[in-house]
Amino acid sequence: MLIVLQALWGGLVQIFSFWMDHLLFINIILSVLIVFFERREPKTVWTWLLLLYFIPVLGIFLYFMIGHDFHRQHIFRTKEIEDAMYSAISKQEETIIRKEFEPADPRLSKFSDMMLMNLEAADAVYSADNRIEIYTDGREKFAALYEEIRKAESYIHIQYYIVRNDELWEPFEKLLIEKVRQGVEVRLLYDSMGSRTMKKRDWQRLRKAGIQVGEFFPALFGRLQLRMNYRNHRKIVVIDGRTAFVGGFNIGREYLGLDPKFGYWRDTHLQIWGSAVLSLHIRFILDWNYTTKQNLFLTDRYFQECGEEDWGEEAVQIITSGPDSKWQNIRNVYLKMISKARKNIYIQTPYFIPDETVMSAIRIAALSGVDVRVMIPCKPDHPFVYWATYSYIGDLLDAGAKCYTYDNGFLHAKGMVVDGAVSCYGTANLDIRSFKLNFEVSAVIYSVKTAERLEAIFMEDLKSCTRVTRYLYGRRSYVVRFKEQFSRLFSPLL
């Protein structure tokens, strides 16, 4: 045994010596790849080059872990949506271009070009027959979800970034198994990185009970997950094509406020009835087909009308983006909303690391007299990301924006409301990672009713916030300033 251990140790020493002897050559090769063969923004290129040359060993490790693009366009090639959907998109585009399109509420007319942009760039069908319920508390959201699952008669399709085996998951699992025994199809799609704390036997137990399970972008070496980029950050549940859930809550005890580290968990989740449910369902099916190599598009009943006539009167476009998207669709929605704002912009996000274009748009809006308010958490769940976020807050203060830290636990809500008319909430943070590297989904809602409700929730949250004034921001300690600047240096990689 001792001889084997000595041989293994000797092999590791030789590998380490080889890497150290050829460190400069490896750095040169990676630098050439980054500069000449990967289409990146100049700021990101310089960040990687600095990391490779000033911290070479760590830089090489991080590059292979989160930097390389793995030919993203080739890996994440998805099946095209059926011709009928493209026909609907084309008809809506033509109507808008001919100026024949008129929203029910005239206050929404100025956003018609944004609707067209989403149709052309993101294949986002516009539907105006939806009803929306907003949940900001985890217990209320999961109570509503359980109630809808109990009503399921045909299928339950579930997609979460994080699934943890804890006191929230236990009753969830039992309910799903009960529905399988009743003859309901249950599919569960999870992200390998986000759900890494789940054990193999947990998934085997589900499969044995009849639940179909898909793992998105599995780890390369067992449970050792080195690929931090291209994670599926979407949270979607579709039940019988009748109703759907989308938003920020995952499955874990912290989302019920049971983790003492975070305390109360303040999030935003939407329940939707209406034609927008089909758009969310198509998104789930595309991800499921890619992950499992099945083709659920061949099953007609997943696309049948539910027979409901009067769901509601709220207009919705479901926007998705990811490494497989030609455009940064959700980022572009935010940019368009900011440029359209004339009265106010209310933003909630746990991570605020915008690219320069988004940052400039927000500052220009604030300098133009628009009431810009940004709410972030008062505590970090990822320290580097938090301190980078706090550094960008200073830039907003200089432009006249109002910034707040949420003190009643952890703020995880992700969205924006503009002029009391249009809102966008979903899974995407307002950061570079969500815009470019993660698979995300958001609902753009053209509804004064929903916008006013979200504004009221924002104002209620302000009662639990501390306003970050220029005076308070200027009194930061040198330790905090160092954390901010160090984290901001790597913000293109966060």
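Residues numbered from 1 in each chain as written. Predicted model: local features only at pLDDT ≥ 70, side-chain atom pairs only at ≥ 80, totals over all residues. Heavy atoms only, no water.

Comments concerning the confidence of the model for the protein chain
When pLDDT is averaged across the protein chain, the result is 83; 73% of the residues are at 70 or more. Note that residues 70-84 has pLDDT below 50 and, in this model, 30 contacts with residues that lie over four places away or in other chains. (pLDDT = per-residue confidence, 0-100. Contact = heavy atoms within 4.5 Å.)

Some words on the nonpolar core
Ile345, Phe352 and Tyr446 are the most contacted members of the largest nonpolar core, which totals 55 residues. It is helix H14 (residues 383-399) that provides the largest number of residues to this core, a total of nine residues. Residues in contact with Phe352, not counting those within four places in the same chain, are Met359, Ile362, Val374, Ile376, Ala388, Thr389, Tyr392, Ile393, Leu396 and Leu430. Core analysis: the next-biggest nonpolar cluster, separate from the first, contains 45 residues, Phe216, Ile236, Ala244 and Tyr302 among them. (Core = buried A, V, L, I, M, F, W, Y, C linked by side-chain atoms within 4.5 Å. Buried < 20%, exposed > 50% of the residue type's maximum accessible area, 1.4 Å probe, protein only. Helix = DSSP H or I, 4+ residues; strand = E, 2+ residues; numbered from the N terminus.)

Here we look at helix H16 (residues 448-462)
Given a rise of 1.5 Å per residue, 15 residues ought to cover 21 Å, and the 21 Å separating the end C-alpha atoms of H16 matches this to within 8%. Among all positions of H16, only Val448, Thr450, Ala451, Leu454, Glu455, Phe458, Asp461 and Leu462 are buried. Relative to the axis of H16, the buried residues are bounded by an arc of 160° and lie together on one face. Between the side-chain oxygen at the start of H16 and the backbone nitrogen of Lys449 there is a gap of 3.4 Å, and the oxygen is on Ser447. (Expected span 1.5 Å × (residues − 1). Arc of directions from axis to C-beta. Polar contact = N/O pair within 3.5 Å; in protein donor to acceptor, adjacent residues only side chain to side chain.)

Describing the pairing of strand S5 (residues 236-239)
The alternating pattern of S5 places Ile236 and Val238 on one face and Val237 and Ile239 on the opposite face, and all of these are buried. Judged from the four bridges that link them, strand S2 (residues 155-160) and S5 form a sheet pairing that is antiparallel. Note on S5: the bridge partner recorded for Ile158 is Val237. Of the pairings in the sheet, the one linking S5 to strand S6 (residues 243-247) comprises four bridges and is antiparallel in character. Bridging from a neighbouring strand, Ile239 pairs with Thr243 of S6. The loop that links S5 with its antiparallel partner S6 comprises three residues; one of these, Asp240, has a positive phi angle of about 55°. (Pairing = 2+ DSSP bridges.)

Section: unusual backbone geometry
Residue Asp240 is not a glycine yet carries a positive backbone phi of 55°. For Asp240, the location among the structural elements is in the loop between S5 and S6. Residue class for Asp240 comes out buried when judged on its relative accessible area of 15%.

Regarding the pairing of strand S15 (residues 415-418)
Neither face of S15 is exposed, since Gly415 and Val417 on one face and Met416 and Val418 on the opposite face are all buried. Here strand S10 (residues 344-348) pairs with S15 via four bridges, running antiparallel. By the bridge assignment for S15, Tyr346 is matched with Val417. Of the pairings in the sheet, the one linking S15 to strand S16 (residues 422-426) comprises four bridges and is antiparallel in character. Considered in S16, the bridge of Val417 is made with Ser423.

Side note on the packing of aromatic side chains
Across all of its chains, the model carries 18 aromatic pairs by this definition. Measuring from ring centre to ring centre gives 6.4 Å for Phe142 and Phe249, while their planes differ by 70°; the resulting arrangement is edge-to-face. Of this pair, Phe142 sits in helix H8 (residues 138-151) while Phe249 sits in the loop between S6 and strand S7 (265-266), placing them 107 residues apart in sequence. Given a relative accessible area of 0%, Phe249 falls into the buried group. In this structure an aromatic cluster arises from ring pairing among Phe142, Tyr146, Trp169, Phe172 and Phe249. Geometry around Phe142 places Lys141 over its ring, the cationic atom sitting 3.9 Å from the centre. The ring of Tyr290 is capped by Lys293, whose NZ or CZ atom sits 4.6 Å from the centre of that ring. (Phe/Tyr/Trp six-rings, centres within 6.5 Å; stacked < 30°, edge-to-face > 60°. Lys NZ or Arg CZ within 6 Å of the ring centre and 35° of its normal.)

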